[in-house]
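Per-entry structural report
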Protein chains: 2
Amino acid sequence: MAEFTVDPRIEAASVWIGELSLCQVRLQKDARFPWLVLLPRRAGLTELTELSEAEHAELRRDLHVAEQMARRAAEVMGQPVTKLNIANLGNIVAQLHIHVIARHPQDAAWPGPVWGHGTPEAFASAQKTEVVGALKSLIAPA
Amino acid sequence: MAEFTVDPRIEAASVWIGELSLCQVRLQKDARFPWLVLLPRRAGLTELTELSEAEHAELRRDLHVAEQMARRAAEVMGQPVTKLNIANLGNIVAQLHIHVIARHPQDAAWPGPVWGHGTPEAFASAQKTEVVGALKSLIAPA
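Everything numeric in this text was worked out from a predicted model, so none of it was measured.

**Notes on helix α2 (residues 53-76) of chain B**
With 24 residues, α2 of chain B should reach 34 Å at 1.5 Å per residue; the first-to-last C-alpha distance of 35 Å fits that figure. Remark: Gly-78 of chain B follows α2 of chain B within two positions and exhibits a positive phi of approximately 70°.

Structure, rendered in structure tokens:
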């Protein structure tokens, strides 16, 4: 059985935060948006509909944690939250991954989608440490 | 208890196809993309994470039907399918709705997202009849 690995493009564009029930959760390296990426730890998946019933139920639980994480990231980044965007696109990187993004009417892309909008902005080092720390504290220790 | 109704902007932008287990399914009026919209028949929902465990399991079943419908719409529209995009954004219309879109590298927005990309193109009348008929035939009669 093939082993779960993270596509190098996703690895380069995001920071490892921790492991949820089904998914690895990562913070996108873009200081414009409180933006998480969930990767189901299964090799070879590309479509959301490939998840089994049990995996889909686990994904629901992970999305609840990810929602709290995205809201916490927004808080640390000083941004309000009006709406979550939860999406699987995968047009560029085929490996199944789900975006969880906290959005608000003053953000850089509102009301449009974030993908392909402008250029990612790097986190300042101190802010990145603060956001990553806050997110890791929301994951129960194994 | 408030009654389920469809936001008038969604109603204007799409065509009713039928009712799945949890969701009403509609075809977006945009001949550029095989694009369905699922609306959970619950009043007052805005976030995917507001669905109960049972509703989320129903949504999974609906997504399987919607995937087949999106692939069938693509076939009727003469488009290949490389990837599905499944997303809840809701930045403009708050009512919870999930987009299911069949994408391919020659489509108008690839590899970017479809939302906010260019201007929707109306279906020719005959094509709309054909697509709607093909989609309705995939829904089991009540």
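Having seen the model, we can carry on.
**Topic: the pairing of strand β2 (residues 23-28) of chain A**
All names here are of chain A. Of all the 6 residues making up β2, 6 are buried; the element is thus mostly covered by neighbouring parts of the structure. Neither face of β2 is left uncovered, since the one carrying Cys-23, Val-25 and Leu-27 and the one carrying Gln-24, Arg-26 and Gln-28 both have all their residues buried. Relative to β2, strand β1 (residues 14-19) runs antiparallel, the two being bridged by 5 bridges. By the bridge assignment for β2, Gly-18 is matched with Val-25. Taking the residues that link successive antiparallel strands as the turn, the β1-β2 hairpin has 3 residues. Bridge analysis of β2 against strand β3 (residues 35-40) gives 5 bridges, and the strand direction is antiparallel. Across the sheet, Cys-23 pairs through a bridge with Pro-40, a residue of β3.

**Concerning the pattern of salt bridges**
A pair can form between side chains of opposite charge whenever their charged atoms are brought close. According to the stated counting rule, one finds 16 salt bridges over all chains in the structure shown. The closest approach of N and O atoms between Glu-75 of chain A and Arg-72 of chain A, which form a salt bridge, is 3.0 Å. Placement of both Glu-75 of chain A and Arg-72 of chain A in helix α2 (residues 53-76) is noted, with a separation of 3 residues, approximately one turn of the helix. Overall, the relative accessible area of 31% leaves Arg-72 of chain A in the partly exposed class. Arg-71 of chain B serves as the salt-bridge partner of Glu-67 of chain B, at 2.9 Å between the closest nitrogen and oxygen. Here Arg-71 of chain B and Glu-67 of chain B lie together in helix α2, a separation of 4 residues that amounts to about one turn. Relative accessible area serves as the criterion here: at 9%, Glu-67 of chain B is assigned to the buried category.

**Let's talk about the relation of the copies chain B and chain A**
Superposition of chain B onto chain A requires a rotation of 180° combined with a translation of 0.0 Å along the rotation axis, giving an RMSD of 0.0 Å. In the structure described here, the two chain copies are related by an operation that fits a two-fold rotation axis. Taking C-alpha positions as the reference, the residue of chain B nearest the rotation axis is Ala-87 of chain B, at 2.0 Å. A symmetric contact is evident, with 100% of the interface residues of chain B recurring at the interface of chain A.

**With respect to the side chain of Glu-58 of chain A**
All names here are of chain A. Residue position: Glu-58 is located in helix α2. Although buried, Glu-58 forms no salt bridge, and the nearest oppositely charged side chain, Arg-42, lies 4.1 Å from it. Look past the residues within four positions of Glu-58 in its chain and what remains in contact with it is Ser-21, Leu-22 and Arg-42.

**Describing the environment of Ala-13 of chain B**
All names here are of chain B. Here Ala-13 shows up in helix α1 (residues 8-13). For Ala-13 and Asp-30, which are 17 residues apart along the polypeptide, the C-alpha to C-alpha distance reads 8.4 Å. Not counting chain neighbours up to four residues away, the residues in contact with Ala-13 comprise Leu-27, Gln-28 and Lys-29.

**Details of the environment of Glu-75 of chain A**
A relative accessible area of 55% places Glu-75 of chain A in the exposed class. In the structure, Glu-75 of chain A is positioned 40 residues away from Trp-115 of chain A in sequence and 22 Å away in space, judged by C-alpha atoms.

**A few points about the packing of α2 of chain A against α2 of chain B**
Look at α2 of chain A against α2 of chain B: their axes get within 10 Å of each other, and the N-to-C directions meet at 130°. Judged on the interaxial angle alone, α2 of chain B and α2 of chain A are oblique. The two elements α2 of chain A and α2 of chain B cross, and the hand of that crossing is right-handed. Across the interface between the two elements, Glu-53, His-56 and Arg-60 of chain A of α2 of chain A pack against Glu-53, His-56 and Arg-60 of chain B of α2 of chain B. The class makeup of the residues in the contact of α2 of chain A with α2 of chain B is no nonpolar, 2 polar and 4 charged.

**As for the pairing of strand β3 (residues 35-40) of chain B**
Residue and element names in this part refer to chain B. Where burial is concerned, most of β3 is hidden: 6 out of the 6 residues are buried. Judged by which residues are buried, β3 turns out to be covered on both faces: Trp-35, Val-37 and Leu-39 on one side and Leu-36, Leu-38 and Pro-40 on the other are all buried. Connecting strand β2 (residues 23-28) to the antiparallel partner β3 that follows it, the hairpin turn spans 6 residues. Strand direction decides the pairing type here: β3 and strand β5 (residues 98-103), joined by 4 bridges, are antiparallel. Residue Leu-36 lies in a different strand from β5, and its bridge partner there is Val-100.

The rules we used
- One numbering rule holds for all chains: residues counted from 1, following each sequence as written.
- Going through the entries in the order they are written, you letter the chains from A and number the ligands from 1.
- Reporting of local features is limited, given that this is a predicted model, to residues whose pLDDT is at least 70; pairs of side-chain atoms are given and counted only at 80 or more, and all residues count toward the totals for whole chains, interfaces and linings.
- Only hydrogens and water are removed before side-chain values are computed, so all heavy atoms of the structure are retained for them.
- Segments assigned H or I by DSSP are reported as helices when at least four residues long, segments assigned E as strands when at least two residues long, and all are numbered from the N terminus.
- The length a helix should cover is 1.5 Å for every residue beyond the first.
- Using a 1.4 Å probe on the protein chains alone, a residue whose accessible area is under 20% of its type maximum counts as buried, one over 50% counts as exposed, and one in between counts as partly exposed.
- Whether two strands pair depends on DSSP finding at least two bridges between them.
- Between Lys or Arg on one side and Asp or Glu on the other, a salt bridge is scored when a side-chain nitrogen of the former is within 4 Å of a carboxyl oxygen of the latter.
- To line up the copies, we fit them by least squares on C-alpha atoms, keeping just the residues with pLDDT of at least 70 in both.
- Contacts are assigned to residue pairs that have any heavy atoms within 4.5 Å of one another.
- The positive count covers Lys and Arg only, the negative count covers Asp and Glu only, and His and the chain ends enter neither.
- Inter-axis angles, ranging from 0 to 180 degrees, are taken between N-to-C directions of lines fitted to C-alpha atoms, where helices are fitted over the stretch in contact.
- Put simply, angles under 35 degrees are roughly parallel, angles over 145 are roughly antiparallel, angles from 65 to 115 are roughly perpendicular, and the rest are oblique.
- Crossing handedness: left-handed means the near helix sits turned counterclockwise from the far one by under a right angle, and right-handed means the same turn made clockwise.
- Ten residue types, Ala, Val, Leu, Ile, Met, Phe, Trp, Tyr, Cys and Pro, are classed as nonpolar, four, Asp, Glu, Lys and Arg, as charged, and the remainder, Gly among them, as polar.

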